[in-house]
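Examining the three-dimensional arrangement
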Amino acid sequence: MDTLILSRIQFGANISFHILFPTITIALGWVLLFFKLRFNATGDQKWMDAYMFWVKVFALSFAMGVVSGITMSFQFGTNWPGFMEKVGNIAGPLLAYEVMTAFFLEAVFLGIMLFGASKVKPWVHTLATFLVAFGTTMSTFWIIVLNSWMHTPQGFEMREGVAHATSWFEIIFNPSMPYRLTHMLLASGLTVAFVIAGISALRMLWGDHKESVKSTLRVGVFLAAGLIPAQILMGDFHGLNTLEYQPQKVAAMEGNWETRGNVPLVLFALPDEEARENRFEIGIPNGASLILKHKADGVVPGLNDFVAEDGTVNHPPVAPVFFSFRIMVGIGFAMLFLSWAGAYMIRRRGADNLPKPMLYAFTAMTFSGWIATLAGWYTTEIGRQPWLVQGVMTTKQAVADVPAPMVLSTLIAYLLIYAALIVAYIGVITYLAAKSSRGEPLSSRQYPRRGEAEPSLRALQPGE
Amino acid sequence: MELFGDPAVWLPFTFAALMGLSILIYVVLDGFDLGVGLLMPLSDEAEKDRLVASIGPFWDANETWLVLAIGLLLVAFPPAHGVILTSLYLPVAIMLFGLILRGVSFEFRAKAPIAQKRFWNGAFFTGSLMASLSQGFMLGMYVMGLQWTWINAGFATLTALFLTVGYSFIGAAWLIHKTDGVLQAKAVGWAKGGIWGLILGIGAISLATPFVSDRLFDKWFSYPAMLYLAPLPILSAALVGYIWWKLRRLPYYDDRYNWTPFAAASALFALSFGGMAYSFYPYVVPEQITIYEAASAPESLFIILLGTLWVLPAILGYTILSYFIFRGKATELRYD
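About the thresholds
What you see as residue numbers is a count from 1 along each chain, following the sequence as written. For naming, the first written chain is A and the first written ligand is 1, with later ones following in the order written. Thresholds applied to this predicted model are a pLDDT of at least 70 for local features of residues and 80 or more for the giving and counting of side-chain atom pairs; totals over whole chains, interfaces and linings are not thresholded and use all residues. To get the side-chain values, all heavy atoms of the structure are used, and hydrogens and water are removed first. In this description a helix means any DSSP run of H or I spanning at least four residues, a strand means any run of E spanning at least two, and both kinds are numbered starting from the N terminus. Here the globule rule is a power law, 2.2 Å times the number of residues to the power 0.38, and the radius of gyration is based on C-alpha atoms. Summary of the burial criterion: residues with accessible area below 20% of their type's maximum are buried, those above 50% are exposed, and those between are partly exposed, where the area comes from a 1.4 Å probe applied to protein chains only. Any two residues whose heavy atoms approach within 4.5 Å are treated as being in contact. Using the Shrake-Rupley algorithm and a 1.4 Å probe, accessible areas are obtained, with residue cover drawn only from the displayed protein chains. The charge count includes Lys and Arg as positive and Asp and Glu as negative, but it does not include His or the ends of the chains. The atoms used to mark charge sites are NZ of Lys, CZ of Arg, CG of Asp and CD of Glu. UniProt positions are given in the numbering used here, feature names are shortened, and annotations may be inferred rather than shown by experiment. For two strands to pair, DSSP has to find at least two bridges joining them. In this analysis, rings of Phe, Tyr and Trp, with Trp reduced to its six-membered ring, are considered paired at centre separations within 6.5 Å, and the interplanar angle assigns stacked below 30 degrees, edge-to-face beyond 60, and tilted for intermediate values. Lysine NZ or arginine CZ positioned within 6 Å of the ring centre and within 35 degrees of the ring normal marks a charge as sitting over the ring. A residue's pLDDT is simply how confident the predictor is in it, with values from 0 to 100. When two components associate, each loses some accessible surface as probed by a 1.4 Å sphere; the sum of these losses over both components is called the buried area. By definition here, a salt bridge exists when the distance from a side-chain nitrogen of Lys or Arg to a carboxyl oxygen of Asp or Glu is within 4 Å. Under the rule applied, a polar contact is a pair of N or O atoms within 3.5 Å (in protein, one hydrogen donor and one hydrogen acceptor; residues adjacent in sequence only if both atoms are side-chain atoms). Each residue gets one of three labels, nonpolar for Ala, Val, Leu, Ile, Met, Phe, Trp, Tyr, Cys and Pro, charged for Asp, Glu, Lys and Arg, and polar for the others, Gly among them. Nonpolar side chains (Val, Leu, Ile, Met, Phe, Trp, Tyr) within 5 Å and like charges within 9 Å form the patches, drawn only from residues with over 30% relative accessible area and no salt bridge. Helices are assigned an expected span. That span is 1.5 Å times one less than the residue count. Interaxial angles span 0 to 180 degrees and are taken between N-to-C directions of axes, which are lines fitted to C-alpha atoms, for helices over the stretch in contact. Here is the rule for handedness: rotate from the far helix to the near one, and if that takes an anticlockwise turn smaller than a right angle the crossing is left-handed, while a clockwise turn gives right-handed. One fitted axis covers the seven residues ending at a residue, a second covers the seven starting there, and the bend at that residue is the angle between these axes.

A few words on the overall build of chain A. Helix and strand content of chain A: 14 helices and 6 strands. Compactness check: chain A gives a C-alpha radius of gyration of 24 Å against a globular reference of 23 Å for 464 residues, within 12% of the reference. Taken along its principal axes, the extent of the C-alpha atoms in chain A is 80 × 50 × 40 Å. Counting only residues that meet the buried cut, chain A has 61% of its 464 residues in that class. Sequence separation of at least 24 residues holds for 77% of the intrachain contacts in chain A that already meet a minimum separation of 6. In the structure as shown, chain A presents an accessible area of about 17,900 Å², 64% of it carried by carbon and sulfur atoms. Charge-centre separation for chain A: the mean point of 33 positive side chains lies 14 Å from the mean point of 31 negative side chains.

Written out as structure tokens, the structure reads:
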């Protein structure tokens, strides 16, 4: 394998690993703020218990996100120097603003949020919680701006082969940014909703019926039930936007080889790139035309539009885009049914009395948001190939001239580290949940007891 | 913009200065917390928790200065960014593995079951060691002009060792400030050992630099440059002497002056860094690419600078606030 494909696998592995943790922290920050505000308003200890448990998950996820994020920032230079040389005038300021407005804010106030509870006034601690949530969201904003610009670039001109900004307004508010940003924020909300519901359901199954667990189960289920219809709607808008700017991606998602009318909605097929057709296709007649063009005979662009006269293929590989899109949509509908059924049952019988199969279902779906997010990410990012910046530069033009064995060796090391860390991460969260369900303190540290009860809000110890 | 003359001149200079500043802040701040990680094996089980507690609220923000430095290199000097990072591909990868290991074991060591704590303590040390060694190696390679020859790699191996010992020195100086009792006395001992690495490291780089190129030799050993530059080595020697003298007396009976070794070490780092910056200016890739050749378009740099003028003071402000909030000894457990 050559440097290009190895570098792509390495970057794909890095970003796949990285995106898991921001997906958790973006929304979990706001959920923590919600717990904190509920505690401030009601003084009910259960909200502080919820905060103290989930803030640990937040800290762990944050650390995983930080270390893999640093890796990403170096990979631009070590593996893709062409990217910055060609579009650095645009990508650079966006990345710089991310570091300056988001990274430092998160990092500094996370310290205060975790370890400062007993050193600052309560409102400062609430403010720190808000600033951390705000910082993670700002970070998302800048990264999505850059990513969207790479999909739908505008507001620049090429001079001597280098992109120069002409309008920062157009660069930031590029056509796909609002859809992509909302889609990502909702994806984070759903991921966190299912993680919270899943872990809480697991604790219920272990016989832990604490007030805080009941409350977090309710929060998780209702959050999921509320967000999923919005996400499905948003996904549809995003699809229409993609159809307008990147029709080849939609053609690959739909498995549509020919530009034509009366296009069926393909539910299942095996796309065959050699024969340029689908095998074993099962579809709903006229479905795709109806969804994309709102007319039964609407003409939908096909992949044949993106094959040059000399046979050069300028559309993405079909099968990975086709399948990852179906995985994302499939999980989305599973989320819809389970969360609505869950919300209905909680309203009728209370969070304490959910039927066991439903608790098992929520537990099984704990990390479903991760899979949907990754599948969505692959749909959009593989769907952009062979372009790195649509119409401006291809992925091949950006790759570094480093020897393939060097990339291979680091790739293997990354994969080993990442696999080990994912196992450790899920293992530790489950361990913390089990420990908390047994009523043991979450820390191994011995605390000197002064007076009778543990105060409602104490500071964590660093590394706790 | 007219006020400052040609933006194609002052903008690259400003960004080189900003980048230098964030590298310096990084080396001092992450230097001490990497150093604390390096000292882990020298401490007993109970002390390990205090070591980690002393850097807990800070390490994450400290590491962010590295992201800012690399970000500024990337945005302000894109071609140099590519050249430097591709030629340092392997040491960069090793540093990243180290930073990953260290960052996560910080969290895992206290959250995982007790039986795994030893493993994560080991990972915390190993990660700190990998990051320190590879940063020192990259520094050595950079000084020698980023050419992979046996001599350069040998020199870089030496700087890797020296920087690692130097980091453990500043880490020990931090612990003198943040701890008390037996651990503080231990930290004084560690600092006494570590200062040798610092002296040898600064000495090696100072001696090697002028011989890398004639340009550098002339820059340092011509009249009147020698005259302006004389304070650098003299002040550095004075600081080393001061640290040595203080370390023999610390800790004082009421814990006075516990901050002096750390302050002096930071000043020493800053002086050495100033010397390096003087040597390499105006090059961003030694002897190959100047900051003016590598700079991004002025309009892009200007838009970043506008934001930086507002954001950087804010960052410095709340960073100082956080050091103020978490002042005092690391063992302190307060329930009021």
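What follows covers the overall build of chain B. Each helix and strand in chain B was counted, giving 14 helices and 2 strands. For a compact globule of 336 residues, the expected C-alpha radius of gyration is about 20 Å, and chain B comes in at 21 Å, within 12% of that figure. Oriented by its inertia axes, the alpha-carbon framework of chain B measures out at about 60 × 40 × 40 Å. A sequence separation of at least 24 residues applies to 77% of the contacts in chain B between residues at least 6 apart. Per element, the accessible surface of chain B, about 13,500 Å² overall, is 74% carbon and sulfur. Between the mean site of the 19 positive side-chain charges and the mean site of the 21 negative ones, chain B shows a separation of 13 Å.

A few words now on the UniProt feature "transmembrane region" (unreviewed entry) in chain B. What UniProt calls "transmembrane region" (unreviewed entry) maps, in this numbering, to residues 12-39, 83-101, 122-144, 150-175, 195-213, 225-245, 257-281 and 301-326 of chain B. Secondary structure content for residues 301-326 of chain B is 96% helix and 0% strand, and the end C-alpha separation is 35 Å.

With that settled, the discussion passes to the pairing of strand S3 (residues 265-272) of chain A. Residues and elements named next belong to chain A. Note that S3 and strand S4 (residues 277-284) share 6 bridges and pair antiparallel. Following the sheet pairing, Val266 is matched in S4 by Gly283. Joining the antiparallel neighbours S3 and S4 is a turn of 4 residues, in which Arg276 adopts a positive phi near 55°.

According to the stated counting rule, one finds 43 aromatic pairs over all chains in the structure shown. Plain terms: the ring middles of A:Phe58 and A:Phe62 are 5.9 Å apart, the flat faces sit at 25° to each other, and that makes the pair stacked. With A:Phe58 and A:Phe62 both in helix H2 (residues 45-79) and 4 residues apart, this pair spans about one turn of that helix. Classification of A:Phe58 by relative accessible area gives buried; the value is 0%. By way of ring pairs, the aromatic residues A:Phe17, A:Phe21, A:Phe367, A:Trp370, A:Tyr414, A:Tyr418, A:Tyr425 and B:Phe97 are connected into one cluster. The ring of A:Phe53 is capped by A:Arg203, whose NZ or CZ atom sits 5.0 Å from the centre of that ring. Above the plane of the ring of A:Phe322 lies A:Arg326, whose end atom (NZ or CZ) is 3.7 Å from the centre.

Attention now goes to the confidence of the model for chain A. Looking at chain A, pLDDT values average 85 and 95% of them are 70 or higher. Counting contacts from residues 444-455 of chain A, a segment whose pLDDT is below 50, to residues more than four positions away or on other chains yields 17 contacts.

Before going further, it helps to examine the confidence of the model for chain B. Residue and element names in this part refer to chain B. Scored by pLDDT, chain B comes out at a mean of 84, with 97% of its residues at no less than 70. Confidence, read as mean pLDDT per element, is least for helix H9 (residues 214-220) in chain B (78) and greatest for helix H6 (residues 114-143) (89). Every residue in residues 332-336 is under pLDDT 50, and counting partners more than four places away or in other chains gives 13 contacts. Interface confidence for the predicted complex, given as ipTM, is 0.83, next to a pTM of 0.87.

At the junction of the two partners, chain B supplies 64 residues and chain A supplies 73 residues. Taken together, the two surfaces of chain B and chain A that pack against each other cover about 6,500 Å², and 75% of this comes from carbon and sulfur. If you look at where chain B meets chain A, you find 1 salt bridge. A salt bridge links B:Glu299 to A:Arg159; the shortest N-O distance between them is 3.8 Å. Scanning the region where chain B abuts chain A turns up 9 residue pairs in polar contact (both at pLDDT 80 or more). When contributions to the side of chain B that touches chain A are tallied by element, the ones reaching two or more residues are helix H2 (45-55), helix H3 (59-76), helix H4 (78-87), helix H5 (89-111), H6 and helix H14 (298-325) of chain B. Per-element accounting of the side of chain B that touches chain A gives the leading share, 16 residues, to H5(B). Its residues assigned to classes, the side of chain B that touches chain A comprises 42 nonpolar, 12 polar and 10 charged.

The subject of this paragraph is unusual backbone geometry. Omega for the peptide link from A:Gln385 to A:Pro386 comes to 5°, which places this bond in the cis form. Following B:Tyr281, the chain continues into B:Pro282 via a peptide bond in cis, with omega recorded as 5°. One can find B:Pro282 in the loop between helix H12 (260-280) and strand S1 (283-285). The backbone of B:Leu146 sits at a positive phi, close to 65°, despite the residue not being glycine. Assignment of secondary structure puts B:Leu146 in the loop between H6 and helix H7 (150-178). The phi torsion at B:Tyr257 lies on the positive side, around 60°, for a residue other than glycine.

With that settled, the discussion passes to a nonpolar patch on the surface. All names here are of chain A. A surface patch of nonpolar side chains, about 640 Å² in accessible area, is lined by Leu267, Phe268, Leu270, Phe280, Ile282, Ile284 and Phe323. If you list the elements that add at least two residues to the nonpolar patch, you get S3 and S4. Among the structural elements, Phe280 can be located in strand S4. Phe280 gets classed as exposed once you look at its relative accessible area, which sits at 58%.

Glancing now at the pattern of salt bridges. This model, assessed by the stated rule, comprises 16 salt bridges over all chains. One salt bridge connects A:Arg159 with A:Glu157, and the closest N-O pair in it is separated by 2.9 Å. Here A:Arg159 falls in the partly exposed class, since its relative accessible area comes to 39%. Within this structure, B:Asp30, B:Asp33, B:Glu63 and B:Arg102 form a network of salt bridges that share partners.

On the secondary structure map, B:Leu99 appears in helix H5. Spatially, the C-alpha atoms of B:Leu99 and B:Leu133 are 12 Å apart, while their sequence positions differ by 34 residues. Among residues more than four places away in sequence, those in contact with B:Leu99 are A:Val67, A:Ile70, B:Asp30, B:Glu63, B:Leu66 and B:Ala131.

Moving on to helix H4 (residues 122-151) of chain A. The end-to-end C-alpha separation of H4(A) is 44 Å, in line with the 44 Å expected for 30 residues at 1.5 Å each. Within H4(A), 21 of the 30 residues are buried, which leaves the element mostly enclosed by the surrounding structure.

Take B:Asp60: it is sitting in helix H3. With no salt bridge to any partner, buried B:Asp60 finds its closest opposite charge in B:Arg102, at an N-O distance of 8.3 Å. Residues in contact with B:Asp60, not counting those within four places in the same chain, are A:Phe62, A:Val66, A:Ala107 and A:Leu110.

All names here are of chain B. Remark: helix H1 (residues 7-38) packs on H12, axes separated minimally by 10 Å, with the N-to-C direction vectors making an angle of 145°. Judged by the twist between their axes, the crossing of H1 over H12 is right-handed. Where H1 approaches H12, its residues Gly20, Ile23, Leu24, Val27, Val28 and Phe32 are matched on the opposing element by Phe262, Ser266, Phe269, Ala270 and Phe273. Of the residues in the contact of H1 with H12, the class split is 9 nonpolar, 2 polar and no charged.

Next up on the list: helix H8 (residues 181-212) of chain B. A turn of α-helix holds 3.6 residues, and therefore any two residues three or four places apart point the same way. For H8(B), with 32 residues, the first-to-last C-alpha span of 47 Å sits near the 46 Å given by 1.5 Å per residue. When the local axis directions of H8(B) are compared, the greatest deviation, roughly 25°, occurs at B:Gly193.

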